[in-house]
Every structure is written in structure tokens, then in C-alpha cells.
Amino acid sequence: MIERRERLLGPGNPLFYDDPVHLVRGEGVWLFDRDGKRYLDCYNNVPCVGHCHPAVVEALCRQAGLLNTHTRYLDEHILDYAERLLGKFDASLDRLILTCTGSEANDLALRIARFNTGGEGFICTNATYHGNTAAVYQLCSIFRPFEGYGEAVRMVPWPDSYRALNGLSGEALADAYADEVRNAIASFEANGIRLAGMMVCPIFANEGLPNVPPGYMAKAIGYVREAGGLYIADEVQSGFGRTGHWWGHAASGVVPDMLTLGKPMGGGHPIAGVVGRGDLIDTFRRSEMYFNTYAGNPVSCAVALAVLDVIEGEDLVGNAARVGQYVLRRFKELEVKHEIIGDVRGTGLFFGIDLVSDAKAKTPASAEARQIVNRMRHKGILMSKIGEHDNVLKLRPPLPFSEENADLLMTTLDEALAAL
Ligand code: PMP
């Protein structure tokens, strides 16, 4: 199959694991390969309500058998969905535009911000990913666009408390990272580039899921707003209960001007979108054409509504908070036992385990992280790694993850670490 993929799809299509997995079925937190081997899914956030949830499958089949068109006809599904979804945000965030992917949502948010501010300049972090369109790829710092970066982007260090800037901590650290944002704004000004805004994932998931120094976001966004820019929270990973709150930006208390959604929104079905302040969206809408053929179609909206129903009906946000605390405690036990674990970080059901080869120097143990991920795959547990140094074990299971699932994860990881 690997040879066939290369022949038909070309090289460079990313695959997980040295020995890739061929999955054929999913159910809840479990995945099954073609030989019937069962894997505990500790990685996939997209099927947030669990793989193939019957209520989501039923909603999809029912609407697909009835009608699927686009938003140029009247249809109540998109309105029912918008009402339900917007009710979950601060009252200032009262408009929704649907897209099909997180990349499209971010692309559109950049456009709306630039339109409203008259600025071009965007600030992002130095170890991030926000999507694959030409405009959004300009903010991609973990891969480099082949054409290089234009004048309209500045990258600031992500707010890492573990390998902290200048060894600082607490408020001084928050100030130091926020000063980097102020410097980026000054650099735009010095080059005659007007600021449009700052786009960040509110939990800095792709950067390595740091414990964000308290106060950092308020200070950084304060500088952005003083300079006339907007705060776009990329909630493509952090949204829909992942953090034990509905939205990742809740922890900082800073309400974004716009935010983008994706991945878990349709539980696997491609639906994404921009939520924003009415004044920003309305001025853009009145002047600029935006239509997206598939976005907001009745099937996608029926599916997304079913996902909301399940998250609420099964209290999955509460589950993420409760089980998340338990998992974090168990990881901290492993941290005491295994020297290679330098730092354990987590928010809700999203965890980063920072592996180090030298605890004092905090030297990233990238090769070992890769070994662990591959070893766990053979032991029937799926996870991955992230971070600037690719040394942070990344775990982000479907939200119905239980303490019993966590116990299996811990026993297996304990064995894998002991065998390093
Ligand atoms: N934003 C973030 C934070 C992401 O992690 C990703 C995908 N990994 C995207 C945006 C892009 O989403 P999509 O792949 O649906 O275009």
C-alpha cells in the first residue's frame, strides 16, 4: 500500500509511525486494524465524541437521504446551528461564517482582519501551524514556505515556561514574552507596515502545549489592540471542550475579536468556521463577496448539530475536565519514576510530556520520543509527538476517554519508558 500511495499520490504524503497502521473500523475510543488488532486512541481530537458515534452517524445518514444543497437556498439547519453555537460565546461574538477546513477559516479571518483594520501585518509565534493556504502558510513557522516569508509577518517566541526566556518566571516571564510582541509591533512600524493583528492558538498546542505564564495573553493582546490590531484565536485544536472548558481562550480570560473553529466541529465531517464580532463580520460581508460551495450545507450542519447534542448530552466538557485531572496526576507519578520525563503539561484532555536526555540542561530527547511513539503503537496505544524539538509526547484522545482507559495508557507507557 505504501508503494501504491507513492505511485498514485506522489511522495511526501505524511504517514504516522515507522510501521504505518492500516485502520478499518472505529468505535468510541477504540480503533481496529485490518487484522482485527485493537488500539486505544489517545491521539485523535477530530472524532471528539468518539469514533462513529451512533447519533452523529444517524444525523448524517438521515439528512444525506433527504437533501443536500448549499447556502444559496433557504434552509434552517445552518440557522439552528448558528444559534446554538453562538450561544456558547461571549455576547460580543455574535456572527458565524462557515467554511470546510480550519485553513479556510484562518484564511478568511486574516482577510476580514485586514479588511477592517486596513493593515497587512500579522504576528504569530515561532513554532506554529495555522493551515495550508498561501496566505495562512505565511504564518507557518514549523515548515517554511518555499517562497519565503513576506514583509507582513513577524514571529515572536511562544510563551514557554519550562525552557523559559532568560530563565525568568512568573510575572517577569509574562512581561518578557509580551515585550517580544511589542517589539514585533515596533518593527512593523519601523518598516511602515500597519498592524492587522495577531493569530495564536490560545493553548499554543502546536508549539508544545506550554503552561502559559499568567497574564501573558492579556498583556500581549493589550499591545496588539493599542496598535489597532485584532486578536484572532485559532481554536481549531483547542475548541469544543478539549480543555475542559468549551473554548481554549477561556483560561486567559481574554475574549478574541474573532476565532476560528474546525477539526472536532463535525466529529470527522469537514466543517469549520469563523466566529467574530458582528461589526467586523458585517462590514466585511457588506463589501466583500464570500461564498463557499460546500460550507454550511444541510448535511454538514445536521452533523455539527448532532456533535453539539452529544457533547452536551454526555457532559463531555465535564468529562474532559474530570478525567483530564486524573490523567495529569497519573502522568506526574510517571514523571517521578522516569528521569527522561522533564515536564508534564496538560489542559483538559490534551497532554504534552516533554522528554529530556539531560534533566538539568532540559536537552530535548527527540529520538527517544520517536522510539516511544513507535513502541506504543506496537503495544496498541496510538499517540504522537509535537513541539519545536519534536520531543513532546502528544496525547489528545476522544473526549469520552475514561479513567479505565487512562490506567491502560499509564501501565503501557510505564513499560515502554522502562524499556528505553
Ligand atoms: N489551525 C491549527 C491550530 C491546526 O492545528 C490546524 C491543523 N493541524 C489547522 C489550523 C488547519 O486545519 P485544516 O487541516 O482543517 O485546514
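Residues numbered from 1 in each chain as written. Predicted model: local features only at pLDDT ≥ 70, side-chain atom pairs only at ≥ 80, totals over all residues. Heavy atoms only, no water.

Peer 1: Provide a residue-level description of the domain arrangement of the protein chain, including the pertinent values.
Peer 2: For the protein chain, the assigned domains read domain 1 (2-53 + 318-418) and domain 2 (55-313). Relative placement of domain 1 and domain 2: their C-alpha centres are 25 Å apart. Across the boundary between the two partners, domain 1 contributes 34 residues, which contact 28 residues of domain 2. Summed over both sides, the interface of domain 1 with domain 2 buries roughly 2,600 Å², with 56% coming from carbon and sulfur. Looking at the side of domain 1 facing domain 2, the largest losses of area belong to His53, Arg345 and Phe350, adding up to 24% of the total buried there. Put simply, domain 1 and domain 2 have 1 salt bridge between them. Between the two partners, domain 1 and domain 2, sit 14 residue pairs in polar contact (both at pLDDT 80 or more). Those elements that place two or more of their residues in the side of domain 1 that touches domain 2 are helix H10 (316-337), strand E11 (341-347), strand E12 (350-358) and strand E16 (392-395). Residues of the side of domain 1 that touches domain 2, tallied by class, amount to 17 nonpolar, 10 polar and 7 charged. (Domains from an automatic or database assignment. Contact = heavy atoms within 4.5 Å. Buried area = accessible area lost by both parts, 1.4 Å probe. Salt bridge = Lys/Arg side-chain N within 4 Å of Asp/Glu carboxyl O. Polar contact = N/O pair within 3.5 Å; in protein donor to acceptor, adjacent residues only side chain to side chain. Helix = DSSP H or I, 4+ residues; strand = E, 2+ residues; numbered from the N terminus. Nonpolar A, V, L, I, M, F, W, Y, C, P; charged D, E, K, R; others polar.)

Peer 1: Give a detailed account of the packing of aromatic side chains, specifying residues and quantitative values.
Peer 2: For the structure on display, the rule yields 11 aromatic pairs. Pairing Phe115 with Phe284 gives two aromatic rings, centres 5.8 Å apart and planes at 85°, and the pair type is edge-to-face. Here Phe284 lies in helix H8 (residues 278-287) and Phe115 lies in helix H4 (residues 102-117), a separation of 169 residues in the sequence. Judged by centre distance (6.3 Å) and plane angle (85°), the rings of Tyr177 and Tyr216 are edge-to-face. Taken as a pair, Tyr177 in helix H6 (residues 170-190) and Tyr216 in helix H7 (residues 216-226) lie far apart in primary sequence, 39 residues in all. For the pair Tyr177 and Tyr216, one class covers both residues: buried. An aromatic cluster is present here, built from Phe89, Phe240, Trp246 and Trp247 joined pairwise through their rings. Looking at Arg38, its charged tip hangs above the ring of Trp30, at a distance of 3.5 Å from the centre. (Phe/Tyr/Trp six-rings, centres within 6.5 Å; stacked < 30°, edge-to-face > 60°. Buried < 20%, exposed > 50% of the residue type's maximum accessible area, 1.4 Å probe, protein only. Lys NZ or Arg CZ within 6 Å of the ring centre and 35° of its normal.)

Peer 1: With reference to specific residues and values, describe the site of the ligand.
Peer 2: Inspection of the region around the ligand gives Thr101, Gly102, Ser103, Asn106, Tyr129, His130, Gly131, Asn206, Asp234, Val236, Gln237 and Lys263 as its neighbouring residues. One of the side-chain nitrogen or oxygen atoms of Gln237 is found 2.9 Å away from an oxygen atom of the ligand. When the ligand sits alone it has 400 Å² of accessible area, and the protein chains cover 82% of it. At a threshold of 2 Å from the grid points, most atoms of the ligand map onto the largest pocket. The biggest single contributor to the shell around the ligand is H4, with 3 residues. Tallied by class, residues from the shell around the ligand come to 2 nonpolar, 8 polar and 2 charged. (Near = heavy atom within 4 Å. Areas by Shrake-Rupley, 256 points an atom, 1.4 Å probe, with all protein chains shown as cover. 1 Å grid on protein atoms, 1.4 Å probe; cavity = no way out; pocket = protein on both sides within 12 Å on 5 of 7 lines; lining within 4 Å. Sits in = over half its atoms within 2 Å of the grid points.)

Peer 1: Just give me the short version of the layout of surface pockets, but keep the residues and values in it.
Peer 2: Computed from the structure, the largest pocket encloses a volume of approximately 1,500 Å³. The wall of the largest pocket is formed by 43 residues, among which Pro14, Phe16, Tyr43, Phe143 and Lys394 lie closest to the centre. Elements with a minimum of two residues in the lining of the largest pocket: H4, helix H11 (366-378) and strand E15 (384-386). The residue makeup of the lining of the largest pocket, split by class, is 16 nonpolar, 18 polar and 9 charged. Two domains share the lining of the largest pocket, each providing at least three of its residues, namely domain 1 (2-53 + 318-418) and domain 2 (55-313). (Points joined across faces, edges and corners; volume = space filled by probe spheres on them.)

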